[in-house]
Structures are given as structure tokens and as C-alpha cells.
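# Structural description and commentary
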Amino acid sequence: MRFLLHEMDLAGPLVRIGRSDMCHITLDDALVSREHAVIRFAANGAFIRDLQSRNGVLVNGVRIEGEVTLRDRDRVRIGAQEMVFCVAADRQELPQPGRATGQMILCQACAVPYPTNASACPHCGAPQPSEEITRPHLDVRQNRDWALTLLAESVERALSTGDHGAAERAMSRSAAEIDMAAQARERLSERLIDLFATLGLRLAIETKQSRWMEWALSTLMQQALSPSAEVTERLDQALTQSLAPASQVLPSFASWWESRGGVTDGSQLKVLNRLKRTA
């Protein structure tokens, strides 16, 4: 198994993968369950099975159900981690799959990545664009959006169950990824930025920690994205709770938002004016 720059020899008959130290392969990833998956070796090949994990197992970009055969150079994604299954040269080579492995494309409509061999986005149903538009295809290893989408799901799940500790852990990792992209001047999808700004404000409101409000507003400014209706609503709730950060982010955000123009909606004007008064 190849993971990052390392190659690991898998000794069967069973290899367990998960976050637990008891697993044969331990992945330090909040998106990985304690016992996430198991690889089984038999005379007729190698097989992987999802151990009823929260976020599932993807082989070549497709979520598996039940036990699935692994073939040479199959890409296995567990949480935000991707590994490549390789058959050793001294073993009988297993048949290659009849499709390209690990190739993804971002949906032009909903910005969610999906396998290039699909004719349409499985998330929103939008047809795949022409080949001229889709080049170059995205390699899963380089697709930050994919990991952030999974992290957003973890934050939302934790918030919905009231597990603020898990929500903060997933949000901290998401913030680090987004901040790293900002430092590299990498543009992320507007859908993800809007989603994480909303999640950051939700977390600030529920935990009464203004630092997540500060991060959400700073990120919107860094990515040059005006607040959506949902972000505006959450921001209004945060201001109602007097969650004003101690830094200068509120006056900076109010000036930046107003300078962009186009704030004509009544509810947005109300929040903008509240921001200016608070600042």
C-alpha cells in the first residue's frame, strides 16, 4: 500500500485500517472511524470492506457497499486520506479495472467533485461538461475541495448532535486548510467558503466563542465573497448575542462589505448598519 511518500507491506489475512492504535494502519484523521475498514487477503485476490464507518470508503472515487475487490493501483480514500493499493511484482498480477482510477472533476453547478467516468454529477444531476471545458481533470490527491466537503459534513453532523468538541476539532482542521489555501493565493469554490462561513458563525453562536465569528468574516474578506442570505442571518444572530470580537475585524468587515456595493436587500442593510454601529 502506498500512502504519501511511504510504501507499506500488508501482511494478511486481515489488515484493519482506522483511527485506533489497535489497527494495523492508523490514520490520525477526525474523519476516520476508530475501526474504519478492513482489507482481506485470499487465494483469489484482495478485498476491502467498510466497517460501517461514518464517512464510508471510496475506491477510485466511488463509495463502496459490502466487500469490493482491490486491483493493482486502485485508489482507496478513507476520510481525507488517500492510499494506492499496489500488487507486488512477485505476485500474480490482478486484472486492471476497465476505467481510469483516481480521476475526478468538479461539478460546474454545485462544485462537488465526482468521478470522470460518470455522465452526470451524482449530487445535483448536472451533466458533465464537454472535454474542452473539463480539462485538466483533478487528481484526488490534489483536490482540497474534496477533503473540505467531508470536513463540512463532520462539522454539520457534530453541531446537529450538540457535540461541540467534535465540531470544533473538525472546524479547526477546516480553518487550517482554508487558511493554507489563502496563503497560497488559491481560490476555493464560493459554495465551500459560504458553507464554512455559515458553520463558523453557527459554532460561534452555539459555543459563544467570538473567534469563530472573527474567522468567518476574515475568510469572506480574504476570498472576496460577499455574505449570502444565510450568512447574513447567522451574523445577525451573533450580533444579537453580542459576540463582537475584540479585534478590528468588525469595522474592517463593515467597511469592506459596504465598499463592494450591491447591498440593497432590506435584511442585509439592517445587518450592515448593525455592524457599523457595533464597530
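Residues numbered from 1 in each chain as written. Predicted model: local features only at pLDDT ≥ 70, side-chain atom pairs only at ≥ 80, totals over all residues. Heavy atoms only, no water.

### Regarding the pairing of strand 11 (residues 81-85)
Note the cut-off: Under the scheme applied here, a residue whose accessible area is under 20% of the maximum for its type counts as buried, over 50% as exposed, and between as partly exposed, the area being computed with a 1.4 Å probe on protein chains only. The numbering of helices and of strands both runs from the N terminus, where a helix is a DSSP run of H or I of at least 4 residues and a strand a run of E of at least 2. Here, any two strands with at least 2 DSSP bridges between them count as paired.
Extensive coverage of strand 11 is indicated by the burial of five of its five residues. Neither face of strand 11 is exposed, since Gln81, Met83 and Phe85 on one face and Glu82 and Val84 on the opposite face are all buried. Relative to strand 11, strand 1 (residues 2-3) runs antiparallel, the two being bridged by two bridges. Its bridge partner being in strand 11, Arg2 is matched across the sheet by Val84.

### Describing the side chain of Arg202
Filter applied, for reference: Throughout, a residue-residue contact means that at least one pair of heavy atoms, one from each residue, lies within 4.5 Å.
Mapped onto the fold, Arg202 is located in helix 4 (residues 190-207). Beyond its immediate sequence surroundings of up to four residues, Arg202 is in contact with Leu159, Ser160 and Arg234.

### Section: the sheet that holds strand 5 (residues 37-42)
The pairing of strands in a sheet comes from backbone hydrogen bonds and takes either a parallel or an antiparallel form. The mixed open sheet is built from five strands, whose spatial order is 4-3-5-6-9. Whereas interior strands pair on both sides, the edge strands pair on one side only; in this sheet they are strand 4 (25-26) and strand 9 (67-70). Of the strand pairs in this sheet, strand 3 (residues 14-18) and strand 4 are connected by two bridges, and their pairing is parallel. Across the sheet, residue Gly18 finds its bridge partner in strand 4, namely Thr26.

### Observations concerning the nonpolar core
Rule in force here: Residues belong to a common nonpolar core when they are buried Ala, Val, Leu, Ile, Met, Phe, Trp, Tyr or Cys residues joined through side-chain atoms within 4.5 Å.
Within the largest apolar cluster, 50 residues are counted, with the highest numbers of intra-cluster contacts made by Phe196, Met213 and Leu235. Among the secondary structure elements, those contributing two or more residues to this core are helix 2 (144-161), helix 3 (164-183), helix 4, helix 5 (210-222), helix 6 (229-240), helix 7 (249-260) and helix 8 (266-278). With 21 residues, the next largest nonpolar core counts Phe3, Ile25, Phe41 and Val59 among its residues.

### Focus on the packing of aromatic side chains
Let me state the cut-off plainly: The pairing test for Phe, Tyr and Trp rings, Trp by its six-membered ring, is centres within 6.5 Å, and the orientation test on the planes gives stacked under 30 degrees, edge-to-face over 60, and tilted for anything in between.
Taken as a whole, this structure holds three aromatic pairs when the rule is applied. Measuring from centroid to centroid gives 6.3 Å for Trp212 and Trp215, while their planes differ by 75°, and the two rings are edge-to-face. On the criterion of helical spacing, the pair formed by Trp212 and Trp215 is a turn pair, its members being three residues apart in helix 5. Considering the side-chain rings of Phe253 and Trp256, the 5.5 Å spacing of their centres and the 40° angle between planes classify their relative orientation as tilted. With Phe253 and Trp256 both in helix 7, this residue pair falls three residues apart, about one helical turn.

### Quick word on helix 3
So the rule is basically this: Each helix should span, by expectation, one fewer than its residue count multiplied by 1.5 Å. The directions considered for the arc run from the helix axis to the C-beta atoms.
Here helix 3 spans 28 Å end to end across 20 residues, near enough to the 28 Å set by a 1.5 Å rise per residue. Within helix 3, burial applies to Ala167, Glu168, Ala170, Met171, Ser174, Ala175, Ile178 and Ala181. Buried residues along helix 3 cover an arc of 165° about the axis, so they all sit on one side. Of the exposed residues in helix 3, those oriented more than 90 degrees away from the buried face are Arg169 and Gln183.

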